[in-house]
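Structural characterization, general
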Amino acid sequence: MNYLRTNIQEIETADELQKIINENENVMVCCGRMGPMCIPVYEIMEELEEEYENVKFYSMGFDNPESVVIRSAPECRGFMGLPFTMYYKNGQVAKATTSIQNMTQVKENLDNHLA
Amino acid sequence: MDKIFDVMILGAGAAGLTAGIYTSRGKLDTLILSEGVTGGQMVLTNEIANYPGVETIKGYELSAIMKRQAKNFGCTMKANVKISKYRLSDEVKSVELEDGRVFRAKAVILAPGGRPRSLDIPGEKEFEGRGISYCATCDADFFRDKRLVVVGGGNSALEEAVTLTHFASHVTIVHQFDHFQAFAHAVEEAEKNPKISFIMESELRAYIGGEQLEKVRIENLKTGEMRELDTDGVFVFIGYQPNTEAFNGLVEINERGEFPVDQAMKTNIPGVFAAGDCIAKRYRQVTTSVSDGTIAALSAIEYIRTGK
């Protein structure tokens, strides 16, 4: 079941997420809702998909029970702002951010953690 | 790089997208450049129920439709760009992006919109997303049974404070004046809510905490006395400020940071028009931005055709 309406491919299950991060070196996942803090991040990801061919971009619904793997991740402890954005390198969380991020911040995280 | 667009629109909120719909439908070669998200503050609005002709619609859905309309009429759109230089007073206007790309056009419509005002006090950057929020719709459910502070005294502050009491154990409203600017019914709703208390004539001076926000420092503006208040979160609703800083010295800007325009949405620079929340006006609604964008576009079309 889809929770989001974006042009970013949405992950629906925890198993699917695990498979994606196992099979791809660099993965960015934005876990959010269709809210004002989340939509800008989805749009930035859409714009960066061509530029960062080495990164796979996905979304996941914050209200999807399966996204508990992100919501309860130790890297997200203390997060109190949507979206929770995860950067995975070789199957491990390389960076996690809370709340809205601008283009510069997202690019910095991609360059610094998923290069 | 040598291409010259007819019209370049800076901003992709309701005003910018509307202007783009009109100029591209008027067969002008149109470029929309946006430093922020497409839709601007429309996407900040959960549900829009007063947009004529549409009973209710999510802000992001209305914005997506406007974007599609502009694209279908032939607009070129680039969002989330960083503009480093503006040349607006030349006959052919140009902007340069941080990555070195230059875009030129015969006329420019400024529609940079506004953004929520922040307090600009110590701790702000550290606790954004860790206790500080500007969006009750987004983050209220992180604060179930927690103590909250709401900063502000307008309609948004009081209405959102009441909404937040559905989640929080207690909400303290901190406001700089001894009275509220909100409508009477919003004040009444807040005052009769047993979960809301008020600290008037006071301002926040610092956000304090460890991994998360734990307290705020508050100054009583009358006595100068400082106190600390334990809280799990702060929601800030102190209005919006126009995104006009980049145009200082290039286009006339008033003391409130707005572009003064005439009825045709002309600024003081020939060929440069402005529309939406960035202009000097009293009411800021999606409908008023749409209206401004329409007028600016029609004026830009006339300018290109007649030079006036």
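Residues numbered from 1 in each chain as written. Chains lettered and ligands numbered in written order. Predicted model: local features only at pLDDT ≥ 70, side-chain atom pairs only at ≥ 80, totals over all residues.

Let's talk about the overall build of chain B
- Along chain B, the regular secondary structure elements total 7 helices and 19 strands.
- Taken over the C-alpha trace, chain B has a radius of gyration of 21 Å; the compact-globule value for 308 residues is 19 Å, and the two agree within 12%.
- A principal-axis box enclosing the C-alpha atoms of chain B has dimensions of 60 × 40 × 35 Å.
- Looking at the 308 residues of chain B, the share that counts as buried comes to 45%.
- Here the contacts in chain B between residues at least 6 apart in sequence split such that 62% fall between residues at least 24 apart. (Helix = DSSP H or I, 4+ residues; strand = E, 2+ residues; numbered from the N terminus. Rg over C-alpha atoms; globule rule 2.2 N^0.38 Å. Buried ≥ 20, exposed ≤ 12 C-beta atoms within 10 Å, placed from the backbone. Contact = placed C-beta atoms within 7 Å.)

Details of the sheet that holds strand S2 (residues 26-32) of chain A
Residues and elements named next belong to chain A.
- The sheet built from 5 strands is open, its strands ordered S1-S3-S2-S4-S5 with mixed pairing. In this open sheet, the two strands that pair with only one neighbour each are strand S1 (9-11) and strand S5 (92-98). Each neighbouring strand pair of the sheet contributes to a mean axis angle of 30°, computed without reference to strand direction.
- Two strands pair when backbone bridges link them, and S1 and strand S3 (residues 56-61) are joined in this way by 3 bridges, in the parallel orientation. (Pairing = 2+ DSSP bridges. Axes fitted to C-alpha atoms, helices over the stretch in contact; angles between N-to-C directions.)

What about the sheet that holds strand S10 (residues 132-133) of chain B?
Residues and elements named next belong to chain B.
- One open sheet holds the 5 strands; their spatial order is S10-S17-S11-S12-S13, and the pairing between them is parallel. The open sheet has two edge strands with one neighbour each: S10 and strand S13 (196-199).
- Note: strand S11 (residues 147-151) against strand S12 (residues 170-174), 5 bridges, orientation parallel. Note that in S12 the partner of arginine 147 across the bridge is histidine 170.

Topic: unusual backbone geometry
- With omega at -5°, the peptide bond leading from leucine 82 of chain A into proline 83 of chain A counts as cis.
- The phi angle at lysine 27 of chain B is positive, at roughly 70°, despite the residue not being glycine.
- As for its position among the elements, lysine 27 of chain B is in the loop between helix H1 (14-25) and strand S2 (30-33).
- A residue is classified by how many C-beta atoms lie within 10 Å of it, and lysine 27 of chain B, with 11 of them, is exposed.
- Even without glycine at this site, aspartate 120 of chain B takes up a positive phi of about 55°.
- Of note, aspartate 120 of chain B is situated in the loop between strand S9 (114-116) and helix H3 (124-127).

Things to note about the domain arrangement of chain B
- Under the domain assignment, chain B is made up of domain 1 (4-116 + 240-306) and domain 2 (124-236).
- Placing a centre on the C-alpha atoms of domain 1 of chain B and another on those of domain 2 of chain B gives a separation of 33 Å. (Domains from an automatic or database assignment.)

A word on the interface of chain A and chain B
- With 17 residues of chain A at the interface, the matching set in chain B holds 21 residues.
- No other element matches helix H2 (residues 39-48) of chain A, which puts 5 residues into the side of chain A that touches chain B.
- Class assignment for the residues of the side of chain A that touches chain B results in 10 nonpolar, 5 polar and 2 charged. (Nonpolar A, V, L, I, M, F, W, Y, C, P; charged D, E, K, R; others polar.)

Quick word on the nonpolar core
- Val29 of chain A together with Met8, Ile109, Leu110 and Val150 of chain B are the most contacted members of the largest nonpolar core, which totals 119 residues.
- Considering each element in turn, this core owes the most residues, 7 residues, to helix H7 (residues 286-306) of chain B.
- Residues lining this core come from more than one domain, with at least three contributed by each of domain 1 (4-116 + 240-306) and domain 2 (124-236) of chain B.
- Setting aside anything within four residues of it in sequence, one finds valine 150 of chain B in contact with Ala157, Glu160, Ala161, Leu164, Val171, Ile173, Phe235 and Phe237 of chain B. (Core = buried A, V, L, I, M, F, W, Y, C linked by C-beta atoms within 7 Å.)

A short note on the packing of helix H5 (residues 155-164) of chain B against helix H6 (residues 184-191) of chain B
All names here are of chain B.
- Orientation of H5 relative to H6, taken along the N-to-C sense of each, is 35°, at an axis distance of 9 Å. Regarding H5 and H6, the two cross each other, and that crossing is left-handed. On the side of H5, the interface is formed by Asn155, Leu158, Glu159, Ala161 and Val162, while H6 contributes Ala186, Val187, Glu189 and Ala190.
- By residue class, the composition of the contact of H5 with H6 is 6 nonpolar, 1 polar and 2 charged. (Left-handed = near helix turned anticlockwise from the far one by under 90°.)

Section: the environment of leucine 148 of chain B
Residues and elements named next belong to chain B.
- Within the secondary structure, leucine 148 is located in strand S11.
- Overall, leucine 148 belongs to the buried group, with 26 C-beta atoms counted inside 10 Å.
- Once the C-alpha coordinates of leucine 148 and threonine 23 are considered, the two residues, 125 residues apart in sequence, prove to be 46 Å apart.
- Contact partners of leucine 148, with chain neighbours within four places excluded, come to Phe143, Leu164, Ala168, Val171, Thr231, Asp232, Gly233 and Phe235.

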